[in-house]
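Structural overview for review
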Amino acid sequence: MCGIVGIIGKAEVAPLLVEGLKRLEYRGYDSAGIATLVDGRIERRRAEGKLANLEALLAERPMGGRIGIGHTRWATHGVPSERNAHPHAGKRVAVVHNGIIENFRELKAELADAGHLFDSDTDSEAVVHLIDHYLDQGIAPAEATARALRRLKGAFALGIIFSDHPELMIAARQGSPLAVGYGEGEMYLGSDALALAPLTRKITYLADGDWAVVNADGVAFRDREGRLVNREVRESRLSGALVGKGQYRHFMLKEIHEQPQVIGDTLASMFNPASRTITLPDLPFDLAGVERVAIIACGTSYYAGLVAKYWIETVARVPVDIDVASEFRYRAPPLRPGGLAIFISQSGETADTLAALRYCREHGQHTLSLVNVPESTMARESDGVLPTLAGPEIGVASTKAFSTQLTVLACLAIAFARANKAIDAAEEQHLSQALAEVPARVAEVLRHDERMADIARLIAEARDVLYLGRGSSFPIAMEGALKLKEISYIHAEGYPAGEMKHGPIALIDPRVPVVVIAPSDRLYDKTLSNVQEVVARGGRVVVLSDAPGLLEMPVPAVAEVELPVVDPFVAPILYAIPVQLLAYHAAVLRGCDVDRPRNLAKSVTVE
Ligand code: G6P
């Protein structure tokens with residue numbers, strides 16, 4: 001969602017605020033802005049669109065000030081425009097906000113009646129006028145903010161500066177993540193450790209409901225009830241260097257090509273090559289006692305969970321329920337105490353997944369999070385954490401986070417199966433060995449990059465694309481379709497191949513390419529029948545399979561891609577790669593902004 005940065009500095013802060021925003025742009029890029037204090041006045045620069053527009057504006061009209069806040073926006077209320085861009089400011093206060101103020105209409109009506117003039121369509125501006133309203137009554141900034149916070153409903157991370165107080169910044173958090181960073185005589189505020197990494201590694205996350213009064217030389221945290229509280233200072237592991245694209249044209253392509261490395265790193269943290277066994281990090285509960293698993297996630301992470309359902313059920317023989325978080329939480333499902341709830345999230349901050357985690361904790365479940373950001377809220381609030389070692393993922397469309405999630409989930413399935421005595425030592429060694437070969441096989445798959453670029457020509461001119469797969473290839477079909485939708489804006493659907501005849505077959509004609517994910521596994525023949533059904537109706541098929549599979553393919557496909565032969569257990573990890581490349585090249589051919597697709601954000605911290 002939106003990104004927030006704030007600095008009380010020793011020198012001019014505008015350039016550093018922009019640096020911080022660059023690292024947060026993945027959270028939203030509808031508009032960006034900064035506000036600083038210059039001689040007791042609030043100065044603002046805001047620009048619609050990507051951060052480059054704000055930078056151009058600042059080059060034309062630089063701004064001074066040694067205290068300031070910045071924001072990059074993913075629009076919720078009000079169209080993306082300069083008027084709706086943050087920071088919002090009133091007479092004496094400027095505010096940046098991430099989240100949604102649910103009662104903003106009531107607040108706005110009340111404040112407008114009291115004479116406040118609103119000049120945006122956002123929910124966030126209500127916070128500005130509410131604080132101004134209390135300041136007007138002669139109340140000091142901290143108390144004015146505390147009173148305003150008590151009136152707000154919804155989710156928020158706020159950064160606030162006051163024109164009459166050049167050394168004061170107030171931060172508040174309810175739901176949306178926010179961290180305070182410590183410098184030498186400087187203090188910082190950021191949505192995540194990544195934003196603060198060039199400035200400091202010493203950070204404190206606000207707990208839910210906290211607000212903090214920040215001065216140049218320190219910070220005082222208060223909880224929801226206003227009590228002074230201590231919050232742990234952590235050392236972030238992130239490097240200060242801005243993650244670059246290297247020789248690649250886009251972050252997404254770079255991240256796709258990093259997969260052999262990061263899958264290898266992730267695997268190395270759990271696989272013992274000598275014994276060919278899997279060792280998970282210590283968990284505060286015993287997998288052997290778990291009778292039922294619930295997996296909850298959103299977006300691409302949900303599809304990783306869907307693969308894990310196949311793995312855990314078939315290998316470990318434990319029943320798994322899987323849900324998208326926004327459905328799970330509102331259905332409020334009954335949960336038997338002692339169950340295991342697994343949350344999968346690149347960011348570890350997705351609002352719906354986090355709410356589901358809290359629900360599961362309250363209902364007696366063991367909670368286990370798979371996250372790529374070790375400092376994230378989900379990591380902090382779960383009983384156990386399984387980290388994916390993908391490194392910072394900047395492209396909004398998830399790629400390397402997905403394949404490392406699959407890697408961890410495969411390890412988890414093996415560990416589960418062992419704990420459950422569903423496999424013997426020989427089978428564990430066999431599956432672990434298959435996993436150990438994945439980084440090398442993924443590197444082979446990446447050699448098809450140019451071939452996928454060729455095939456993408458066919459995809460790029462289509463209006464609709466169908467992706468089909470069976471078994472654990474079905475989630476990969478869904479993920480392939482999602483990738484294509486996200487970055488090329490082509491309508492695509494992922495379907496279980498066997499279910500195609502119950503609907504999507506009506507779509508088949510020569511204008512609808514059908515991408516079939518078909519490793520030669522025990523379901524291969526069934527998938528083949530479905531391919532024949534497509535071809536018989538004039539459909540144009542792109543087949544992703546291996547040498548034995550392609551040999552058996554009796555019908556002409558318009559394109560075939562030969563992937564290495566691997567154990568079917570690990571096939572989903574391999575087959576994820578060509579569908580990523582296909583989406584990437586189709587988006588490039590269509591001239592789309594691959595790393596920052598329209599309307600999307602990488603981290604969705606609103607419900
Ligand atoms: C957004 C991103 C997706 C991501 C999803 C879940 O929609 O654009 O790439 O899969 O959120 O995010 P999470 O951080 O929880 O994995």
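Let me sum up the structure you'll find in this document. Just so it is clear, the model here is predicted, and its values are computed rather than measured. In this convention, every chain numbers its residues from 1, walking through the sequence in written order. Restriction of local features to residues with pLDDT of at least 70 applies here, the model being predicted, together with a cutoff of 80 or more for giving and counting side-chain atom pairs; totals for whole chains, interfaces and linings are based on all residues. The basis for the side-chain values is all heavy atoms of the structure; hydrogens and waters are excluded.

On to helix α13 (residues 400-419), then. Taking 1.5 Å per residue as the helical rise, α13 with its 20 residues ought to reach 28 Å, and the 28 Å between its terminal C-alpha atoms agrees with that figure. Remark: exposure states derive from per-residue accessible area (1.4 Å probe, protein chains only) relative to the maximum for the residue type, with buried under 20%, exposed over 50%, and partly exposed in between. Only DSSP runs of H or I with at least four residues qualify as helices, and only runs of E with at least two residues qualify as strands; both kinds are numbered from the N terminus onward. Of all the 20 residues making up α13, 18 are buried; the element is thus mostly covered by neighbouring parts of the structure. Residue K421 follows α13 closely and has a positive phi angle near 55 degrees. Helix span, expected: 1.5 Å multiplied by one less than the number of residues in the helix.

Right, let's get into the packing of helix α1 (residues 14-24) against helix α2 (residues 51-60). Orientation is described by axes fitted as lines to C-alpha atoms, over the contacting stretch for helices, and by angles from 0 to 180 degrees between their N-to-C directions. Where α1 contacts α2, the axes come no closer than 11 Å and their chain directions differ by 170 degrees. Considering the angle they form, α1 stands roughly antiparallel to α2. Along the contact surface, α1 presents V18, L21 and K22, while α2 presents L51, L54, E55 and L58. For this classification, the nonpolar set comprises Ala, Val, Leu, Ile, Met, Phe, Trp, Tyr, Cys and Pro, the charged set comprises Asp, Glu, Lys and Arg, and every other residue, Gly included, is treated as polar. Of the residues assigned to the contact of α1 with α2, the class counts are 5 nonpolar, no polar and 2 charged. Here the word oblique covers every angle except those under 35 degrees (roughly parallel), over 145 (roughly antiparallel) and from 65 to 115 (roughly perpendicular). Every residue pair with non-hydrogen atoms within 4.5 Å of one another is taken to be in contact.

Basic side-chain nitrogens of Lys or Arg form a salt bridge, by our definition, when they fall within 4 Å of a carboxyl oxygen of Asp or Glu. Enumeration over the complete set of coordinates arrives at 32 salt bridges. Across the salt bridge formed by D208 and R173, the nearest N and O atoms sit 3.7 Å from each other. Within this pair, whereas D208 is found in the loop between β11 (202-205) and β12 (211-215), its partner R173 is found in strand β8 (residues 165-174), the two being separated by 35 residues in sequence. Owing to a relative accessible area of 1%, R173 belongs among the buried residues under this scheme. Here E486 ties to K483 by a salt bridge, and the two come within 3.5 Å at their closest N and O atoms.

Time to look at the site of the ligand. If a single non-hydrogen atom of a residue is within 4 Å of a molecule or strand, that residue counts as near it. The environment of the ligand is formed by 14 residues, the closest being S301, S345, Q346, S347 and T350. Counting of polar contacts relies on pairs of N or O atoms within 3.5 Å, with two restrictions inside protein: one atom must be capable of donating a hydrogen and the other of accepting it, and residues adjacent in sequence are counted only when both atoms are side-chain atoms. Between an oxygen atom of the ligand and a main-chain N or O atom of Q346, the distance comes to 2.7 Å. Considered on its own, the ligand offers 390 Å² of accessible surface; in the complex 91% of this is hidden by protein. With 3 residues, the single largest contributor to the shell around the ligand is helix α9 (residues 299-316). Here the shell around the ligand is composed, by residue class, of 4 nonpolar, 8 polar and 2 charged. Per-residue and other accessible areas were derived by the Shrake-Rupley procedure at a 1.4 Å probe size, with only the shown protein chains allowed to occlude residues.

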